[in-house]
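Structure assessment
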Amino acid sequence: MKEEQGFYSFSKQTLKRLPYYYNYLKALQNDGIQNISAPVIAKSLNLNEVQVRKDLATVSESGGKPKTGFEIEELIKCIEHCLGYDNINDAILIGSGKLGMALLSYTEFENYGIRIVAAFDSDNHIFGTEIDGKPVFSMEKLPDLCRRLNVHIGIITVPSQNAQSVCDMLVKNGILAIWNFAPVHLVVPDHILVQNENMAVSLALLSKHLQERLANNKTTPGTEDIP
């Protein structure tokens, strides 16, 4: 893998494709398949073959071999290393409502390098309880726990009107990366990473694509009532 000053030299688009490669390769590995070629990956994932070759050449340590292609186990390890899946990062979650509870109960996060160690909320009725083994604390305890646990990832699942103040609190207490599920733009310093998961935008895009697909696939006039 190509690494410069601690950072892998691949584009954001490549970074977005890597999880798709990873999931596909893991499925093949579970089926007992040991080798795979770039053309097969490209066809299976409906991607451009040249782009797939470039992506895999960027992350692979050994590169593909003629006739046999890539060794799946080695390629999986390389992608895991690039994405940080082989290095569990502790995270905290703020907002233990229905969405927060769902994320706290999701058991697959550790496969992707994230472990939620605690949740915080303003509802004093749930202080001291646990959600799927994760303790829920009051917001007042956040600064102390952030320092003691040396946590740098924060997940925001609070209502939009509270998201910025929660974000400010996280930044103030050493959080460097924020996974934001609140439908609001967060204002952060330049050194803070923010990944937004705006479901309203995703649904709007899905609806728009569906409308376009249906419009393009209209039945040819004059054939609707054929018996």
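Scroll up for the structure.
The structure displayed is predicted, hence computed values, not measured ones.

Some points on the overall build of the protein
From N to C terminus, the protein includes eight helices and eleven strands. The globule rule puts the C-alpha radius of gyration for 227 residues at 17 Å, and the 22 Å found for the protein is more than 25% above it. Its C-alpha atoms give the protein principal-axis dimensions of roughly 60 × 60 × 35 Å. Among the 227 residues that make up the protein, the fraction classed as buried is 34%. Of the contacts formed within the protein by residues at least 6 apart in sequence, a portion of 57% connects residues at least 24 apart. Of the accessible surface of the protein, which amounts to about 14400 Å², a share of 53% is contributed by carbon and sulfur atoms. Looking at charge distribution, the protein has the averaged site of its 21 positive side-chain charges lying 5 Å from that of its 26 negative ones.

Describing the pattern of salt bridges
Per the counting criterion, the structure on display carries six salt bridges. The salt bridge involving Asp-132 is made with Lys-134; its shortest N-O contact spans 3.7 Å. Residue classification places Lys-134 among the buried residues on the basis of a relative accessible area of 16%.

Regarding the side chain of Asp-121
Checked against the element boundaries, Asp-121 lands in strand 6 (residues 114-121). The side chain of Asp-121 sits in the buried core without any salt bridge; Lys-98 is the nearest counter-charge, 13 Å away. A polar atom in the side chain of Asp-121 sits 2.7 Å from the backbone nitrogen of Ser-96. Not counting residues within four places of it along the chain, the set of residues in contact with Asp-121 comprises Gly-95, Ser-96, Gly-97, Ile-126, Phe-127, Val-136, Phe-137, Ser-138 and Met-139.

Describing the packing of aromatic side chains
Here the structure, examined in full by the defined rule, presents five aromatic pairs. With centroids separated by 4.9 Å and ring planes inclined at 50°, the aromatic side chains of Trp-179 and Phe-181 adopt a geometry described as tilted. Members of the aromatic cluster, each reached through a chain of ring pairs, are Tyr-106, Phe-109, Trp-179 and Phe-181.

Quick word on the environment of Ser-44
Looking at where Ser-44 falls in the secondary structure, it is placed in helix 2 (residues 38-45). Placed 37 residues apart in sequence, Ser-44 and His-81 show a C-alpha to C-alpha distance of 23 Å.

As for the sheet that holds strand 8 (residues 134-138)
With mixed pairing, seven strands are arranged side by side in an open sheet as 7-8-6-5-9-10-11. The sheet is open, and its two borders are formed by strand 7 (130-131) and strand 11 (193-196), each paired with just one other strand. Of the strand pairs in this sheet, strand 5 (residues 89-94) and strand 6 are connected by six bridges, and their pairing is parallel. Directly across from Asn-89, in strand 6, lies its bridge partner Ile-114. The strands touched by helix 7 (residues 160-172) are strand 5, strand 9 (153-156) and strand 10 (177-180); relative to strand 9, the strand with the most contacts, the crossing angle is about 170°.

Side note on helix 6 (residues 142-149)
All of the buried residues in helix 6 are Leu-142, Pro-143, Leu-145 and Cys-146. In this structure, the buried side of helix 6 is in contact with strand 5, strand 6, strand 8 and helix 7. Of the residues trailing helix 6, Asn-150 is marked for its positive phi of about 55°.

Focus on the packing of helix 1 (residues 12-30) against helix 4 (residues 72-83)
Remark: helix 1 packs on helix 4, axes separated minimally by 10 Å, with the N-to-C direction vectors making an angle of 145°. The hand of the helix 1/helix 4 crossing is left-handed. Between helix 1 and helix 4, the residues in contact are Leu-15, Leu-18, Pro-19, Tyr-21, Tyr-22, Leu-25, Lys-26, Leu-28 and Gln-29 and Ile-72, Glu-73, Leu-75, Ile-76, Ile-79, Glu-80, Cys-82 and Leu-83, respectively. Its residues placed into classes, the contact of helix 1 with helix 4 shows 13 nonpolar, one polar and three charged.

A look at the layout of surface pockets
The calculated volume of the second largest pocket comes to roughly 230 Å³. Gly-95, Ser-122, Val-158, Pro-159 and Asn-162 are, among the 15 residues lining the second largest pocket, the residues nearest its centre. At the level of secondary structure, the elements contributing two or more residues to the lining of the second largest pocket comprise strand 6 and helix 7. Here the element with the most residues in the lining of the second largest pocket is helix 7; it accounts for four residues. For the lining of the second largest pocket, the per-class residue count stands at seven nonpolar, seven polar and one charged.

Conventions and cut-offs
Residues numbered from 1 in each chain as written. Predicted model: local features only at pLDDT ≥ 70, side-chain atom pairs only at ≥ 80, totals over all residues. Heavy atoms only, no water. Helix = DSSP H or I, 4+ residues; strand = E, 2+ residues; numbered from the N terminus. Rg over C-alpha atoms; globule rule 2.2 N^0.38 Å. Buried < 20%, exposed > 50% of the residue type's maximum accessible area, 1.4 Å probe, protein only. Contact = heavy atoms within 4.5 Å. Areas by Shrake-Rupley, 256 points an atom, 1.4 Å probe, with all protein chains shown as cover. Lys, Arg positive; Asp, Glu negative; His and termini not counted. Charge placed at Lys NZ, Arg CZ, Asp CG, Glu CD. Salt bridge = Lys/Arg side-chain N within 4 Å of Asp/Glu carboxyl O. Polar contact = N/O pair within 3.5 Å; in protein donor to acceptor, adjacent residues only side chain to side chain. Phe/Tyr/Trp six-rings, centres within 6.5 Å; stacked < 30°, edge-to-face > 60°. Pairing = 2+ DSSP bridges. Axes fitted to C-alpha atoms, helices over the stretch in contact; angles between N-to-C directions. Left-handed = near helix turned anticlockwise from the far one by under 90°. Nonpolar A, V, L, I, M, F, W, Y, C, P; charged D, E, K, R; others polar. 1 Å grid on protein atoms, 1.4 Å probe; cavity = no way out; pocket = protein on both sides within 12 Å on 5 of 7 lines; lining within 4 Å. Points joined across faces, edges and corners; volume = space filled by probe spheres on them.

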